[in-house]
Amino acid sequence: MNPRNCPNSETMATLVALVGIASNSTGVSEPNPRVACRITTLEGFVFEGRTQQVGGPHAEIMALRAAQAAGTDVTGSTVHVTLEPCSHHGRTPPCCDALIQARVGKVVVATLDPNPLVAGRGIERLRAAGIEVELLPPDSEAARASRELNIGFFSRMIRGTPWVRMKVASSLDGTSALDNGVSQWITGEAARADGHAWRARACAVLTGIGTVLEDNPMLDVRLVDTPRQPHLVLVDSRLQTPPDARLFQPTANGQPRQILIYHAQTDPNRQAALQALGATLVHAPGAHQKVHLAALLHDLARREVNELHLEAGHKLNGSFLREGLVDEFLVYLAPRWLGQGAGLSSFGPIERLQDGLALRFQSIDRVGGDLRILARGVERDTFLHA
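The model shown is predicted, which means the values in this text are computed figures rather than measured ones.

*Asks:* Give a description of the layout of surface pockets that names residues and reports values.
*Replies:* Approximately 370 Å³ is the volume attributed to the second largest pocket. Along its surface, the second largest pocket is lined by 25 residues, and Asn-32, Pro-33, His-58, His-88 and Asn-115 are the ones closest to its centre. Going through the elements one at a time, helix H2 (59-69) and helix H6 (151-158) are the ones with two or more residues in the lining of the second largest pocket. Counting residues per element, the lining of the second largest pocket draws most heavily on H6, which supplies 3 residues. Its residues placed into classes, the lining of the second largest pocket shows 11 nonpolar, 8 polar and 6 charged.

So this is what it looks like as structure tokens:
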């Protein structure tokens, strides 16, 4: 970073704090980005807002409404926002227009919006209206934190695919299930609740037909509060999903969710039966009469899925890994040694150590009596720094 372009410490501290506030929109604002805004008036009054549920007001509008409710004039005020104000008419009007109409004096932006419909246009419109705009350097702490918080949104906008996070749980020696299939529960209650929190932050949870046939899971969010249920995505090449599968039952909190079934082979009768249960079927044939997983990811991006939570068996995990489609690993390790049993993925065998997947640890934490490891594929997040 060029020292001459460094924002002052107060500006940086304000925007870093706002990223923390924006994180409270996780599981709420999707598929919109998680954004927070602070308005500081010439008299020193402060009003804040963060992005609400999709279709609801964005962070800037929430902050403006807070000022309006207090009867405070924001003319000439300074606005700090963690992501460039939008300039297009989507589900809501442009936020930059609202700031212009409010006659604010200055807008400080942590990072640009990667949406091609915005991508600098919001800043241009603010400046054209005579408003001073300060954009933080891309390698500043606040800019990096804002992009990291919205890694799925940036992935969808720049790469055209969701950010894929694979969740696995195993004993310390890598066993995810016993030879007889028993796997509940290897980890403790705290780790399971934490896993549900990661489900809740995703736009969609993906599993395979093998998991449905063997475990008959719900795969909804039950162990933490959530304002909405993520979509459920099922990879079912041959349309084997039983009509009485638990995934069609009402979710734990009664909230609706979309069920997307990706298939390679067709069967009009089975398709009709699953559609009658409310599922959306997507024909995505690939090689060997299997679902084309890369096409699936692009289709999910078109359906506004930012973060995809992959919670499947070792076969589908292996398929995603072999095709290089996993960005991040969420691994729960229990302090048990279980010996022979199922592994985490059917990946390999490889002949050279350097052919393995190169990862870097993002974090290692204790969750109850278990370990939670977050590891990321090396250079999987380069789009954040482009």
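*Asks:* Which residues make up the sheet that holds strand E16 (residues 370-377), and what values do they have?
*Replies:* The strand order E11-E10-E9-E8-E12-E6-E13-E16-E15 describes an open sheet built from 9 strands, whose pairing is mixed. The open sheet is flanked by strand E11 (280-283) and strand E15 (359-367), the only strands paired with a single partner. Averaged over all pairs of adjacent strands, the angle between strand axes in this sheet comes to 20°, irrespective of strand direction. Summarising the sheet, strand E8 (residues 204-208) and strand E12 (residues 307-310) pair through 3 bridges and their orientation is parallel. Counterpart to Val-205 in the pairing with E12 is His-309. Packed on one face of the sheet, H6 meets strand E6 (163-171), E12 and E16 and runs near 135° to E6.

*Asks:* Explain the pattern of salt bridges residue by residue, including any values.
*Replies:* What the rule picks out here adds up to 25 salt bridges. Across the pair Asp-299 and Arg-302 runs a salt bridge whose closest N-O atoms are separated by 3.5 Å. In this pair, Asp-299 and Arg-302 both sit in helix H10 (residues 293-302), 3 residues apart, roughly one turn of the helix. Judged by relative accessible area, which is 61%, Arg-302 ranks as exposed. As a salt-bridge pair, Asp-355 and Arg-352 come within 2.9 Å of each other at their nearest N and O atoms. Using a relative accessible area of 46% as the deciding quantity, one classes Arg-352 as partly exposed. Connected via shared salt-bridge partners are Glu-30, Arg-34, Glu-148, Arg-165, Arg-201, Arg-228, Glu-307, Glu-328, Arg-360, Arg-376 and Asp-381.

*Asks:* Give a description of empty space enclosed by the protein that names residues and reports values.
*Replies:* Unfilled space is identified by rolling a water-sized probe across the atoms. If you walk through the whole model with that rule in mind, you get 1 cavity of 30 Å³ or more. Estimated volume of the largest cavity: approximately 50 Å³. For the largest cavity, the full set of lining residues is Glu-30, Asn-32, Arg-34, Leu-149, Asn-150, Ile-151, Gly-152, Phe-153, Arg-201, Cys-203, Asn-306 and Glu-307. Sort the elements by how many residues they give to the lining of the largest cavity and H6 lands first, with 3 residues.

*Asks:* I'd love a proper account of the sheet that holds strand E5 (residues 132-135), names of residues and values included.
*Replies:* The strand order across the open sheet formed by 5 strands is E2-E1-E3-E4-E5, and the pairing between neighbours is mixed. At either margin of the open sheet sits one strand with a lone partner, and together these are strand E2 (46-50) and E5. Looking at each pair of strands side by side, their axes are set apart by 15° on average, direction ignored. Here 4 bridges tie strand E4 (residues 106-109) to E5, and the two strands are oriented parallel to one another. Paired with Lys-106 across the bridge in E5 is Glu-132. Seen against the sheet, helix H1 (residues 9-22) touches strand E1 (36-40), E2, strand E3 (78-81), E4 and E5 and runs at an angle of roughly 135° to E1.

*Asks:* Account for the environment of Ser-363, naming residues and giving values.
*Replies:* Within the secondary structure, Ser-363 is located in strand E15. For Ser-363, a relative accessible area of 24% corresponds to the partly exposed category. Residues Ser-363 and Leu-374, 11 residues apart in the sequence, show an inter-C-alpha distance of 5.2 Å. Those residues within four positions of Ser-363 in sequence are excluded, and the remaining contacts are Arg-372, Ile-373 and Leu-374.

*Asks:* Got a sec to walk through the state of the cysteines? Specific residues and values, please.
*Replies:* Each disulfide is one covalent bond, formed between the sulfur atoms of two cysteines. The tally for this structure, following the rule as stated, stands at 0 disulfides. The thiol of Cys-86 is unpaired, and the distance to the nearest cysteine sulfur, on Cys-95, comes to 3.7 Å. Accessibility expressed as a relative area gives 7% for Cys-86, which makes it buried.

Reading the values: the criteria
Residues numbered from 1 in each chain as written. Predicted model: local features only at pLDDT ≥ 70, side-chain atom pairs only at ≥ 80, totals over all residues. Heavy atoms only, no water. 1 Å grid on protein atoms, 1.4 Å probe; cavity = no way out; pocket = protein on both sides within 12 Å on 5 of 7 lines; lining within 4 Å. Points joined across faces, edges and corners; volume = space filled by probe spheres on them. Helix = DSSP H or I, 4+ residues; strand = E, 2+ residues; numbered from the N terminus. Nonpolar A, V, L, I, M, F, W, Y, C, P; charged D, E, K, R; others polar. Pairing = 2+ DSSP bridges. Axes fitted to C-alpha atoms, helices over the stretch in contact; angles between N-to-C directions. Contact = heavy atoms within 4.5 Å. Salt bridge = Lys/Arg side-chain N within 4 Å of Asp/Glu carboxyl O. Buried < 20%, exposed > 50% of the residue type's maximum accessible area, 1.4 Å probe, protein only. Disulfide = S-S within 2.5 Å.

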